[in-house]
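Take a look at the letters that make up each chain.
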Amino acid sequence: QVQLVESGGGLVQAGGSLRLSCAASGNIFNFNVMGWYRQAPGKQRDLVATITSYGSTNYADSVKGRFTISRDNAKKTVYLQMNSLKPEDTAVYYCNIAVWFSGKRDDYWGQGTQVTVSS
């Protein structure tokens, strides 16, 4: 069983920066995709960024050029560096990992961490 523990959220002013971390435990196999999703009150949970175990990345258009996702495979940890933060980035951010067991996808989620950007 896979578990994810995330940290790094907080309150920042517009234009500021924040770095989120998410550490995985358990067997995540040799290939997996780790990523970040966010959800504001009353809104859908949306993809922010993903990164595969070999380093391929994908970003939502709204964060391109401002956010950077990275990972440390030895630590089984994924990071999200958030720069030039805007009030519309305010949300609960959830860490995610997708793994494929015998060709079938399974998803695991972190507990969520609040990011609040003040104007």
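Residues numbered from 1 in each chain as written. Predicted model: local features only at pLDDT ≥ 70, side-chain atom pairs only at ≥ 80, totals over all residues. Heavy atoms only, no water.

Asks: Help me understand the overall build of the protein chain in this model?
Replies: The helix and strand inventory of the protein chain stands at 0 helices and 11 strands. Helices and strands in the protein chain line up, N terminus first, as β-β-β-β-β-β-β-β-β-β-β. Scaling as 2.2 N^0.38, a compact globule of 119 residues should have a C-alpha radius of gyration of about 14 Å, and the protein chain matches this with 14 Å. C-alpha extents for the protein chain along the principal axes are approximately 45 × 25 × 25 Å. When contacts within the protein chain are restricted to residue pairs at least 6 apart in sequence, long-range pairs at least 24 apart make up 52% of them. Counting only carbon and sulfur atoms, one obtains 47% of the accessible surface of the protein chain, whose full area is about 6,300 Å². (Helix = DSSP H or I, 4+ residues; strand = E, 2+ residues; numbered from the N terminus. Rg over C-alpha atoms; globule rule 2.2 N^0.38 Å. Contact = heavy atoms within 4.5 Å. Areas by Shrake-Rupley, 256 points an atom, 1.4 Å probe, with all protein chains shown as cover.)

Asks: Would you explain the state of the cysteines in this entry?
Replies: Among covalent bonds in proteins, the disulfide is the one between the sulfur atoms of two cysteines. One pass over the full model with this rule turns up 1 disulfide. Across the disulfide from Cys22 sits Cys95; the S-S distance is 2.0 Å. Across the S-S bond of Cys22 and Cys95 the torsion is about -85°, and the bridge reads as left-handed. Of the two residues, Cys22 sits in strand E3 (residues 18-25) while Cys95 sits in strand E9 (residues 91-101), which places them 73 residues apart along the sequence. Since its relative accessible area comes to 0%, Cys22 is described here as buried. (Disulfide = S-S within 2.5 Å. Buried < 20%, exposed > 50% of the residue type's maximum accessible area, 1.4 Å probe, protein only.)

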